[in-house]
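Notes for the structure review
If you want the building blocks of each chain, they are given just below.
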Amino acid sequence: MTESVYSLCFMCSVRCPIRVEVENGQVKWVEGNPHVAGMEGSLCPKGAAGISFQYDDQRVQSPMIREGERGAGQWRKASWDEALDYVADKLKTVIDEHGGHSVVLGERANLATPVSKTFLRAIGSPNHFTHDALCKGSVNSACRSLFGHTDAQMGMDYKNTRHIVLYGRNIFEAVSVKEVNSLMQAIENGAKVTYIDPRVTVTATKAHRYWMIRPGTDLALNYTLMHIILKERLYDTAYVDRWVEGLAELQDFVRSFTPEWGEAETGIPAAEIEALAREISQDKPGVIFHYGYRGAHHVNEIYLRRSILILNALMGSVEAKGGLFFKKGPGEAGGKPARKLVEQEGLPKADKPRFDKVGTPDFPIPDAAHGVPQMLAPAILAEDPYPIKALIINRFDPLKSIPDTNQFKSALEKLDLIVAVDVNYSDLAWYADVILPESTYFERTDGVQQANGLKPQMFLRRQAVGPRYDTREYSVIMQQLAERIGIGQYFPYKTMDDLVNWQLAGTGFTMADFEAKGFVAYGKDQIFWDREAGLKFKTPSGKIEFKSSLLEDAGHASFPDYTPVPAAESGRFRLVVGRVVLHTHVSTQNNPYLHELFPENALWINAAKAAELGIKNDALVEVTSPVGSGVLKAYVTDLIHPEAVFLVHGFGHEAKLAARCYNRGVSDSVLQENITDKVGGSPAFHDTFVTVKAA
Ligand SMILES: Nc1nc2c(c(=O)[nH]1)N[C@H]1C(S)=C(S)[C@@H](COP(=O)(O)OP(=O)(O)OC[C@H]3O[C@@H](n4cnc5c(=O)[nH]c(N)nc54)[C@H](O)[C@@H]3O)O[C@H]1N2
Ligand SMILES: Nc1nc2c(c(=O)[nH]1)N[C@H]1C(S)=C(S)[C@@H](COP(=O)(O)OP(=O)(O)OC[C@H]3O[C@@H](n4cnc5c(=O)[nH]c(N)nc54)[C@H](O)[C@@H]3O)O[C@H]1N2
Ligand code: SF4
Ligand SMILES: [Mo]
C-alpha cells in the first residue's frame, strides 16, 4: 500500500515542503508539496537525490567511539547507552573542573536549535553558536543597523517584483525552490533582472543586464548609484522624507562618488550605471536590491550590505509589494506561536561572556543569538577569554565551513572532548571522540517550524519511515544526555511526538492538523503594514537609520571613508568561492547520485591569465595561499574576471569512510585565511590571495 506523508526536505537547510510516498516501509518517491504555493511539486536536484542518501550504506550506522589517535579513523561500534554514558562522564568532568562555560555547542541553525540552547543554558554555558555569521552575519548586522530587525525577520517578494538587482546572488544555481519558481514567474510577467558577478553564472545567462564587475568593488558601484539617485532625485521622496533618518548625511557622503569614479573602480561603464539608476527608479517601489548572502565577503562587508539596503529604502521598496517585507508572526494574524523550550521558567542564564566576546564592548554589533564561529579556534588556542575544553557539534562541519582548516585542527588538539552529531562521516566527525548518528529527515519527526512571513504558517517534518540503522533524533539524544548529567528537568519529553505536542499546546493546533497538507496557516491573507498608518521599524528613532545609532553608539561610523579592497599583487589572484546546483555546501559530495554528476571541483581561471602561466584546461594546478595549498584541475575560461580565481565550496573531504568523495578536489577552507569583518561579524571569505602554477 502506498502512503503519502507531508514533510520537509533536509538535503539542504532551505527546508522545502515535500510529499513523500512510502511503500512497505521504504521511501519510493519524493516531490515538492503540491499544496504549497511556489513549490508546485518541484524539487531541486539535491532534494531529488534524497532517496539516494537514505539508502546509502556509507552514512554513519551506529554510535562510534574513537580507538586510535584523533583523525586516524580507528573506531569501535558502541551501543547508545555506552556512547551516551561515555559523553556524559566526560562532560561532567569538564564541567566540574572548568565550569559549564568551557563547553561550546555549535550547529547549523535547525529545528532542534532551541534544544541545544536549552542544554547549554542548563549547564551555565553562554557558548552556543550557529552557522549564521559564516553565511550572512554582516547582513544580519546591517539589517539591525538600519531597521532594528534581523535579516531573518525580513523577506523579499520575488513573485511581484518589477526589477531585481542581484550582487552575486546566484539564485538559479544556489537555489531555494520557492524563490526560483517565484522569480521565474515574475520574469514571465515582465520583471527585469540585473546580475552582477565577476563570474558568468547560470543566473547571468538569464539576466537582462549582466556586469562582470571587478571583484570586491560592489560597494563602489552602490555609492555611485546613490550619487546618481540623489543628484537626479530618482528616489521616493515622500517615503524617504517620512521614514528615513540621515538623508542629509548620505547626501554629503556620496557627493564625490561620480559615475566616472565608479567606472574606474568597478570597470562598469559610467553610462551603464546611470542607465540602471534611471531604469529601476521607474519601477519603484516594487523593486529589489538583493542583500544576498555570499556575493562579496570582505572586511568592510557590513557597509556593502548597508549600501544595498539603503538603495531599497531610497526606492521606497521596504515593506512594499514586489520589494522587501517584514515577516509577520502569529500575533499579527491573531494567533499564538509554538512554545519554546528555551523560554521555560527557571532556566538559568550564564554569567560569563561568550567565547567570541560578542555582546561585549570588544565585539558589540554581531547578533549574540548566533555568535561568530570563526572566533572559536583563536579563542581555544589563546585560552582567551578562558579555556575551552569540550566541543559538541551538530549538523555542521567546522573543518570545512570555517576558514583556515589547519588553524581549526590545531585548536581541536587542545580539547578534552569532541562530540559530532551527524548523518555522514563529516571531517569533524572523523576528528571526534564520539560520533552520535542522527536519523535522516525521512526517518524522524522534528520540532515545529514557525514559518513567519506575509502569511504566518507552521510546518512539520514528519517521520515517513523507521530508521534504517541504529540512529536517533538529535532532540532525543540531547534529552537522554541531559538526564545523565542531571539537567533532565528542562527536557519535558521522551519522544519527538511528546516534544511537538508540548510545543503546540496553547496554539489551537494539534499534530493531526498537519496531516492533510503538511502545514497549518494562521490566516488567509497576506499582511503588509499600512504605509500610511505607519511602519514599525524597531530602531530607537522608529525610522530607517541611514545614520545608525547601533553603529555610532558602539563607536563605529555610519559612513566610513571608502577604502578600496586591496588589489591582487602581480602573480596573485583573489580567491572567490560559491555553490553549484548539484551540491549542498559540504554535505552531499558523497551522495551516490550527486557524486556521479559532479565528483570534484576545479579551479576557474581566466583564459588569458592561464595562457601567461602555461596552464591548460583540465590540467592539474597547485593553488597556494598563505595558510594552505592543494592540487586540482584547472577550468580555463573567459567567463571569469582576470583578477579572480573561483572554486566550488565543499570538496577535499578527509574522512576515508566517505569513500566516494574522499580526497576528491580541494577544500576552500584549507586555503582561506581566517579574517573577519570586525564590525559586522562575517568572515572575509574573499580576502585571501593565492598563486597558481601548473602541478
Ligand atoms: N545548490 C545549492 N543551493 C544553495 C546552497 C547550496 O549549498 N547548494 N546553499 C544555500 C545557502 S546556505 C546560501 S547562503 C545560498 C548562497 O547563495 P549565493 O550567495 O547566491 O551563492 P554563492 O554560490 O555563494 O554565490 C556567490 C557568487 O558571488 C560571486 N562573487 C564573488 N566575488 C564577488 C564580488 O566581488 N561581487 C559580486 N557581485 N559577486 C561576487 C561568485 O562568483 C559567486 O557566483 O545558497 C543557498 N542555496
Ligand atoms: N570556506 C567556506 N566556508 C563556508 C562557506 C563557504 O562558501 N566557504 N559557506 C558558508 C555558508 S553560506 C553556510 S550556510 C555554512 C554551512 O555550513 P555547514 O552547516 O557546515 O554545511 P552543510 O553542508 O549544510 O552541513 C554540515 C553537516 O551537516 C550534516 N547533516 C546533514 N543532514 C543532517 C541531519 O539531518 N542531521 C545531522 N545531525 N547532520 C546532518 C552533513 O552531513 C554535514 O556534515 O558554511 C559557511 N562556511
Ligand atoms: S532547495 Fe533542494 S535540497 Fe534544499 S530543501 Fe529545497 S529541495 Fe531540498
Ligand atoms: Mo548559507
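The text that follows walks through the structure, step by step, so that each part is easy to find. (Residues numbered from 1 in each chain as written. Chains lettered and ligands numbered in written order. Predicted model: local features only at pLDDT ≥ 70, side-chain atom pairs only at ≥ 80, totals over all residues. Heavy atoms only, no water.)

On to the sheet that holds strand β15 (residues 390–394), then. Ordered by their spatial adjacency, seven strands build an open sheet running β5-β4-β17-β16-β15-β6-β7, and the pairing between neighbours is mixed. With partners counted over all chains shown, the strands left at the sheet margins are β5 (75–77) and β7 (128–130), one partner each. For this sheet, the mean inter-axis angle between neighbouring strands, taken without regard to orientation, is 20 degrees. Both β15 and strand β16 (residues 417–422) contribute to a ladder of five bridges, which runs parallel. Looking at β16, one finds that I392 is bridged to V419. (Pairing = 2+ DSSP bridges. Helix = DSSP H or I, 4+ residues; strand = E, 2+ residues; numbered from the N terminus. Axes fitted to C-alpha atoms, helices over the stretch in contact; angles between N-to-C directions.)

Topologically, R579 is positioned in the loop between β22 (573–578) and α21 (592–597). Here R579 sits buried without a salt bridge, and the closest side chain of opposite charge, D668, lies 6.3 Å off (N-O distance). Polar side-chain contacts of R579 include one of 2.9 Å to the side chain of H585. Each residue touching R579, except ones within four places of it in the same chain, is listed here: A174, R294, H585 and H649. (Buried < 20%, exposed > 50% of the residue type's maximum accessible area, 1.4 Å probe, protein only. Lys, Arg positive; Asp, Glu negative; His and termini not counted. Salt bridge = Lys/Arg side-chain N within 4 Å of Asp/Glu carboxyl O. Polar contact = N/O pair within 3.5 Å; in protein donor to acceptor, adjacent residues only side chain to side chain. Contact = heavy atoms within 4.5 Å.)

Topologically, L582 is positioned in the loop between β22 and α21. For L582, a relative accessible area of 17% translates into the label buried. Once the C-alpha coordinates of L582 and G47 are considered, the two residues, 535 residues apart in sequence, prove to be 9.7 Å apart. Among all residues touching L582, those that are not within four sequence positions of it are P45, K46, T588, L594, L597 and F598.

Quick look at helix α16 (residues 405–412) now. Buried within α16 are the following residues: T405, F408, K409, A411 and L412. The arc that holds every buried residue of α16, seen down its axis, measures 160 degrees, which confines them to one face. Where α16 is buried, its residues contact α14 (376–382), β15, α15 (398–401), β16, α17 (427–431) and α23 (668–671). (Arc of directions from axis to C-beta.)

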